[in-house]
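Coordinate analysis (summary)
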Amino acid sequence: MQSSFRLGAFLLFFCLGLPFASATVKDDKKLTIGFSVYTQLQPRWLFDVEAFVAQAKKNGDTVVVQYADGDASKQSQQVKAMINSKVDVLVIASADIVVGAGLIELARKDGIKTIAYDISVKDAAPDLMIGRNQSQVGTLQVEAALKEKPVGNYAILKGDPSNDLAQVSNHVYAEALSKKHGINVMHNDYVKGFSPVMANRIAREILASSNKKIDAFIVNNDGMATGVVQALREANMTGKVFVSGLDADEVNLNLIATGVQTMTVYTPIDIMARKAAVAAHELGNGRVPVSTRIVQHAKGPVLIDEVRLVSVTKQSLCYFISKIAPKGWANPQAVFKGSDLKCD
């Protein structure tokens, strides 16, 4: 790797890994925190929970974890049960941005402090929103696509329309690509449930209708990217078409190592989860948590705390695995299987 890349990666890791600690004091109240998690069907959420629970335990708090599995109705029932059991703080990664907003407002009316985690909500004012900058996800994906394929036919596969990532990405993609001469967006639509199966079907249809004249698939997340990659394999086009993703899943890191997927965006979820547990402890003890900015909302000001994102490509993969990814995130043998990539 070039020395400039090493320096930049080091500085990025340093910023990501700055230590932080809870401002706990001896007389702090020991809290019960309800953590309503989007799903357990995607491996990354298990890391969120593990880091969150570990930090909460250090703070002296107890965590009640429930998984919604992407089902807004199921999440609604789970959260209402948490509210009825009088949790001190509700942390929610919403399965639906509208339903999640209603649950946050319901908790607030009951005097419960609230944190919107990773996924923002619509028309609600949680005490804190902690997560990634969703527009930065789309920006990193588009910038990488334009670097690899500055002209050509593009297909955009956004996620579920009820998810804020998909909604924000929609605006980013449109603004960035509408200004670029030589880019023809031949498909642009949402994919319900971020379904890899549906993404595969859409990609096969695009390849067939365009007679394989496609240069880039801008894909919202890694799950859907696997569906797109399978379609490209069937068409003998792997390595010829740009494919983006999000989450840095182990399978997709291997696709990047072998030159099949071009890039993914990683959210430092271990840091985000620990920060959320610290913030929950602060809120539950009547203190104002750390934030990076404040957004004025009709229902009141909302504190925002955003973590830095990492663009992962074949060129940066070795550094990502060895220095940035949390322990156990990905098995290096699985990531580099079948790859010609050599790491120092």
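In this report, the structure presented in the accompanying data block is examined.

How each quantity is defined
- Residues numbered from 1 in each chain as written.
- Predicted model: local features only at pLDDT ≥ 70, side-chain atom pairs only at ≥ 80, totals over all residues.
- Heavy atoms only, no water.
- Helix = DSSP H or I, 4+ residues; strand = E, 2+ residues; numbered from the N terminus.
- Rg over C-alpha atoms; globule rule 2.2 N^0.38 Å.
- Buried < 20%, exposed > 50% of the residue type's maximum accessible area, 1.4 Å probe, protein only.
- Contact = heavy atoms within 4.5 Å.
- Areas by Shrake-Rupley, 256 points an atom, 1.4 Å probe, with all protein chains shown as cover.
- Pairing = 2+ DSSP bridges.
- Axes fitted to C-alpha atoms, helices over the stretch in contact; angles between N-to-C directions.

Describing the overall build of the protein
The secondary structure content of the protein amounts to 12 helices and 13 strands. Taken over the C-alpha trace, the protein has a radius of gyration of 20 Å; the compact-globule value for 344 residues is 20 Å, and the two agree within 12%. Split into buried and exposed, the 344 residues of the protein put 54% on the buried side. The long-range share in the protein, meaning contacts at least 24 apart out of those at least 6 apart in sequence, stands at 71%. When the accessible surface of the protein is totalled, it reaches about 15,500 Å², and 53% of it is carbon and sulfur.

Quick word on the sheet that holds strand β9 (residues 242-243)
Pairing in this open sheet of four strands is parallel, and the strands run β7-β6-β8-β9 from one edge to the other. Two strands in the sheet have a free side with no partner beyond their single neighbour: β7 (183-190) and β9. Sheet contacts for helix α8 (residues 222-234): β6 (152-158), β8 (216-219) and β9; angle to β8, the most-contacted strand, approximately 160°.

Section: the sheet that holds strand β11 (residues 293-297)
Across the sheet, which stays open at both edges, the seven strands sit in the order β2-β1-β3-β4-β5-β12-β11 with mixed pairing between neighbours. Both edges of this open sheet fall to β2 (62-67) and β11, since each of them pairs with a single strand only. The average angle at which neighbouring strand axes cross in this sheet is 20°, direction not considered. Where strand β1 (residues 32-37) meets strand β3 (residues 89-92), four bridges bridge the pair, whose relative direction is parallel. Counted as the bridge partner of isoleucine 33 is valine 89 from β3. Packed on one face of the sheet, helix α4 (residues 97-109) meets β3 and β4 (113-117) and runs near 175° to β3.

Some points on unusual backbone geometry
Despite not being glycine, asparagine 211 shows a phi value in the positive range, around 55°. Along the polypeptide, asparagine 211 turns up in the loop between α7 (196-209) and β8.

A few points about helix α11 (residues 317-324)
Of all eight residues in α11, six are buried; the element is thus mostly enclosed. When we look at burial in α11, the residues that qualify are Leu317, Cys318, Tyr319, Phe320, Ile321 and Ile324.

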